[in-house]
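Structure assessment
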Amino acid sequence: MIVLAGDIGGTKTILRIDSVDNGYSSIIMEQTFPSHYYSDFYTLLDLFLSSVDLASNTKLNACFAVAGPCLLYT
């Protein structure tokens, strides 16, 4: 399984692709980007994915963490 993971913050965005097999993970590619250089996430993601050598039919499973305010309702 190929996994795309991202930590999207106001200062920097870290994107990573891992290969996961039988419970073991190996890094295929990881890059850190200054978030303020990009007008939107899609532009940054496209740049990252264009630098990774994956087959065109590769299915990506993805998970993103996004910075933002946390509200607690009681």
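Residues numbered from 1 in each chain as written. Predicted model: local features only at pLDDT ≥ 70, side-chain atom pairs only at ≥ 80, totals over all residues. Heavy atoms only, no water.

Things to note about the overall build of the chain
Threshold: Every helix listed is a DSSP run of H or I at least four residues long, and every strand listed is a run of E at least two residues long, numbered separately from the N terminus. Exposure categories follow from relative accessible area, calculated using a 1.4 Å probe and restricted to protein chains: below 20% of the type maximum is buried, above 50% is exposed, and the middle band is partly exposed. We call two residues in contact whenever any of their non-hydrogen atoms come within 4.5 Å of each other.
When its secondary structure is counted, the chain shows 1 helix and 4 strands. Written out in order from the N terminus, the α and β elements of the chain read β-β-β-α-β. Judged by the C-alpha coordinates and their principal axes, the chain covers about 40 × 35 × 20 Å. Expressed as a percentage of its 74 residues, the buried residues of the chain come to 22%. A separation of at least 24 residues holds for 39% of the contacts in the chain among residues at least 6 apart in sequence.

Details of the side chain of T13
Where we set the bar: Here a polar contact is taken to be a pair of N or O atoms separated by no more than 3.5 Å, where protein atoms must pair a possible hydrogen donor with a possible acceptor and residues adjacent in sequence count only if both atoms sit in side chains.
Along the polypeptide, T13 turns up in strand β2 (residues 12-21). A polar contact of 2.8 Å, which involves the side chain of T13, links it to the side chain of S35. In this structure T13 touches D7, I8, Q31, T32, F33, S35 and L44, once residues within four positions along its chain are discounted.

Thoughts on helix α1 (residues 41-50)
At 3.6 residues per turn, the α-helix brings residues three or four places apart onto the same side. The line we're drawing: Here the arc refers to the set of directions running from the helix axis out to each C-beta atom.
Buried residues of α1: L44, L45 and F48, and no others. Buried residues of α1 fall within an arc of 95° about the axis and therefore sit on the same side. Turned more than 90 degrees from where α1 packs its buried face, Y42, D46 and S50 sit exposed. Structurally, α1 contributes buried residues whose contacts are with β1 (2-8), β2 and β3 (24-34). Its side-chain oxygen 3.1 Å from the backbone nitrogen of Y42, D40 forms the N-cap of α1.

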